[in-house]
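Analysis of the macromolecular model
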Amino acid sequence: MVRGPVALVTTTAAILLVLWSLPRLSQPTAAWTAWPGEPQFSARGAWAHAETLATRFPRRWSGSPDRQAAADWIATTLESWGLDVHRSRFEVALGERHPTTLENIWAISPGTDRADEIIVALGNYDMAPTSVQAASDTAGHVGTILELARVLHGSPHRRTILFLFPDGEEWGMLGARHFAQTFPDRHHIVAAVSIEDLDASAIAALGIDGIGQFRGFAPMWLRTLAADAARREDLPTAEVTPPFEWLQRSVLVSFTDQGPFLTAGIPAIDLGGRTADRATQNRIYHLPEDTMDKMRPQSMEIYGRTQERILRAIDAAPEVPIEDTAYLRIAPGCAVTRATLLAVQIAVFAPLVLSILDRQRRTPLGLSARDESIRLGAVLAVMGGGFAVLKILPRLGLMADFALYPPPPRHPLLTEVNWTAVTLVLLAVCAFGWTARRVTRRLAPGAVAMEPDAAVTVLLGWLLGVAALALIDNPFGAVTFLIFPALLWVWITPARSSGRRAANAVLIAAGFVALIALVVSYGQRLRVGLYIGWYLFMSVAYGQISLLRVLMTLVLVAVAVRLASHTVVRTA
Ligand SMILES: [Zn+2]
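**Regarding the sheet that holds strand β10 (residues 328–331)**
Judged by pairing direction, the sheet is antiparallel, and its three strands sit side by side in the order β1-β11-β10 without closing on themselves. Both edges of this open sheet fall to β1 (27–28) and β10, since each of them pairs with a single strand only. As defined by bridge partners, β1 adjoins strand β11 (residues 334–336) across two bridges and the pair is classed as antiparallel. Paired with P28 across the strands is C334, a residue of β11.

**Observations regarding unusual backbone geometry**
A positive phi angle, close to 60 degrees, is found at H286, a residue other than glycine. Even without a glycine there, the phi angle at R410 is positive, about 75 degrees.

**Structural notes on the packing of helix α7 (residues 242–251) against helix α16 (residues 475–488)**
Between α7 and α16, the shortest axis-to-axis distance is 7 Å and the interhelical angle comes to 105 degrees. Taken as axis vectors, α7 and α16 run roughly perpendicular relative to one another. Here W246, L247, R249 and S250 of α7 come into contact with α16, specifically with F476, G477, T480 and F481. Its residues placed into classes, the contact of α7 with α16 shows four nonpolar, three polar and one charged.

**Some words on helix α20 (residues 547–567)**
The end-to-end C-alpha separation of α20 is 30 Å, in line with the 30 Å expected for 21 residues at 1.5 Å each. Here α20 has its buried residues at R549, M552, V555, L556, A558, V559, R562, L563, H566 and T567.

**Things to note about the pairing of β10**
Here three bridges tie β10 to β11, and the two strands are oriented antiparallel to one another. The residue of β11 that forms the bridge with L328 is V336. In this antiparallel pair of consecutive strands, β10 and β11, the connection spans two residues, and G333 shows a positive phi of 75 degrees.

Calculation notes
- Residues numbered from 1 in each chain as written.
- Predicted model: local features only at pLDDT ≥ 70, side-chain atom pairs only at ≥ 80, totals over all residues.
- Pairing = 2+ DSSP bridges.
- Helix = DSSP H or I, 4+ residues; strand = E, 2+ residues; numbered from the N terminus.
- Axes fitted to C-alpha atoms, helices over the stretch in contact; angles between N-to-C directions.
- Parallel < 35°, antiparallel > 145°, perpendicular 65-115°, else oblique.
- Contact = placed C-beta atoms within 7 Å.
- Nonpolar A, V, L, I, M, F, W, Y, C, P; charged D, E, K, R; others polar.
- Expected span 1.5 Å × (residues − 1).
- Buried ≥ 20, exposed ≤ 12 C-beta atoms within 10 Å, placed from the backbone.

Laid out in structure tokens, this is it:
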């Protein structure tokens, strides 16, 4: 009897030790140096473009007349420098009665000897509808990219450089997504550099964001190159810590335009200008106070020169590499590689496998496998029914419809709960619950005689199934969201004593610690606080959370509910 628990404790301890010492398993990565010459970027030029955009088109959110006028102005400006300008319009749902027309603008500066390889420099020109001017959250970077286009087009370069100004960034990077999915020469893009969000006030660091939209991450070479470019301008790099990068890789919801390019398998990165005055930036973010008077030409100068060094370095590279993006950066120039990570990520579930084998040996499953799975399926069907109703509500006009993400931070709809929609989903869950109860009574009448030990084994088997799917979908997320259930639920044992039942309840609840902590911190990041529940409701409705991830979460919750019914709730 002792063999089981001892083996569990040792493997769990071993896994935690390996996770803790993961940094020791890192390896050096390839060195990249930025272009060492003297940048031609002019802060005066960039400032003039930014000021024109901010003051002449101060309300250029997606679907507005200012947005259209801004597009005309950007296109005319690029044409006046001799670039080959293109525009593309497409329609999306943005919460209005009728679809909203979005418009991407791009300008091509052909390369000399490697013209078939395209480098994309991009940054959105739309803005949050809660802002006016949107100086730091978009005019600053649009001015910078326009100036880069003027300067780079004015001197020969080997590869073709494409300057892209996507629309609809605030609603889920819709313009960049459309471009990355439909641009005819997209397979010729060798790298995409998102130049987005030059904060107000003095620049303190180059912010690096490598999050892909549901898939992918910035390759290490682009991060190394960006850091070297920043260093040449005496600018530190703001990289996330390895544990935080692990969390970013677990969630994979991008908030800048590199996201959709990474999804398409294109090496991409976002390079923001982080301010020294975070209080001011926080205060003006997405609000009418985000105006040009808070911007600094000196910050634009450093920001633009850094970007020019990066773009010129990519252009000068003999080959632009396609690197594996499943790694974990530990420090400058070193990372843990995919194979090592995957071995550790799979090993996290070893105690769960051990526990299932051990329990099965002690209590044969018999008919429990079938009966318990039917009951689990019933709980799942009930929640699945609620999910299905939620998905069709926007189509039925009972909930505002958005193409992909809920509205951007500080949008009023984020704190205006649509109680009709919420009530309809709850009613659906109740109705499905009532039906499911009747059906399972008929299908699995042996429930009374079901052996609780065997039922727990079956449920842990289902948890293992979810873990396997999650490892295939996103190994980082599999560990983040399932490590607590996988390591804690193996200690659940059915017993009649109230102490044991209380312990089981704690173990089951603790399985959701990571999920809840992440949701709460996400709410803070999006500035919605406890309205994060409503935000997630919308995320699921609009597809910001994939069907597979919703399904895996529902199975996890269903397993918890069934575990509780066997090991927490008092049975007669
Ligand atoms: Zn924004």
